[in-house]
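The residues making up each chain are set out below.
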Amino acid sequence: MSDKLTIDTHFPTLIYKIEKPEFLEVAKKVSLEFLEKRKQETTLDEMYPCYMTEPLNFDSRMLDFANYVAQTAWNILKEQGYEVENISTYFEAMWCQEHHKNSLMEQHIHGNGNQIVGFYFLDVPDPAPRVVFYYQRLSKVQISLLEKNKNDLTIASNIINYDAKEGMLMFTNAYVPHSFSRNISDKPMRFIHFNVQVKPNNFIINNCGSKAEII
Ligand SMILES: [Fe+2]
């Protein structure tokens with residue numbers, strides 16, 4: 001049979017990325033300060049060799065970065081077809097993670113009303129941990145057949161991984177599970193992780209510029 005069927009592709013998983021090195025200097029400075037504070041309060045855990053800071057989005061120096069991320073998240077939701085004219089994006093969380101040798105981030109999603117999640121990479125060792133995203137329809141994952149070649153990205157694929165790069169900003173929908181592979185370098189990997197929620201405009205409280213302006 002050689003008939004060519006028409007294919008309609010629906011319900012894709014979207015991963016957004018853009019290089020924004022202009023935020024690096026301030027984001028690194030603030031993150032290192034917050035990490036230093038954390039290191040004064042605790043010691044590095046042998047089993048989970050990772051430091052996580054307090055929220056960064058309340059620091060006024062992060063205003064430009066926070067505004068850009070919140071606005072971009074709003075734009076993404078609009079482009080995806082959601083009704084966003086009367087809602088605004090704001091941060092449920094924005095914090096820095098410093099992963100030392102053998103640290104990893106296990107697969108997870110962010111509930112609690114989050115809509116968009118993402119990363120901003122500050123310091124990336126060589127070799128770098130892989131940024132991993134997972135197919136989110138569990139029924140498909142559960143019945144998956146063996147893939148002919150796992151190195152090929154195909155409709156059969158359930159996992160995609162990316163190179164992290166300093167200054168790169170990534171976004172995806174909050175329902176997409178994600179993880180990081182183990183850091184096998186002697187140098188730490190640092191990135192900002194953020195979770196973006198939405199609220200009706202008349203409920204928004206401006207938490208240090210994280211409210212997006214609707215343009
Ligand atoms: Fe996460």
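Quick note: structure is the one above.
A brief report on the enclosed structure follows.

This part takes up unusual backbone geometry. With omega at 0°, the peptide bond leading from D126 into P127 counts as cis. Residue position: P127 is located in the loop between strand 5 (114-123) and strand 6 (131-134). One non-glycine residue, F11, adopts positive backbone phi at about 55°. As for its position among the elements, F11 is in the segment before strand 1 (15-19). Judged by C-beta crowding, with 6 C-beta atoms within 10 Å, F11 ranks as exposed. Backbone geometry at N112 places phi at a positive 55°, although glycine is not the residue there. Tracing the sequence through the fold places N112 in the loop between strand 4 (105-108) and strand 5.

Take the nonpolar core next. Membership of the largest hydrophobic core comes to 39 residues, with the highest contact counts inside it found for A70, A73, Y120 and I192. Breaking this core down by element, the ones donating at least two residues are helix 1 (24-41), helix 2 (63-79), strand 3 (87-99), strand 5, strand 8 (168-173) and strand 10 (189-200). For this core, the leading source of residues is helix 2, giving seven residues.

Our next topic: the sheet that holds strand 9 (residues 178-180). Read from one edge of the open sheet, four strands run 4-9-6-7, paired in antiparallel fashion. Looking at the sheet topology across the chains shown, the edges are occupied by strand 4 and strand 7 (159-162). Taken pair by pair, the neighbouring strands of this sheet meet at an average axis angle of 20°, ignoring direction. Where strand 6 lies against strand 9, three bridges are found, and the strand directions are antiparallel. Across the sheet, F133 pairs through a bridge with H178, a residue of strand 9.

Conventions used here
Residues numbered from 1 in each chain as written. Predicted model: local features only at pLDDT ≥ 70, side-chain atom pairs only at ≥ 80, totals over all residues. Helix = DSSP H or I, 4+ residues; strand = E, 2+ residues; numbered from the N terminus. Buried ≥ 20, exposed ≤ 12 C-beta atoms within 10 Å, placed from the backbone. Core = buried A, V, L, I, M, F, W, Y, C linked by C-beta atoms within 7 Å. Pairing = 2+ DSSP bridges. Axes fitted to C-alpha atoms, helices over the stretch in contact; angles between N-to-C directions.

These values are about where atoms sit, not about what they do.
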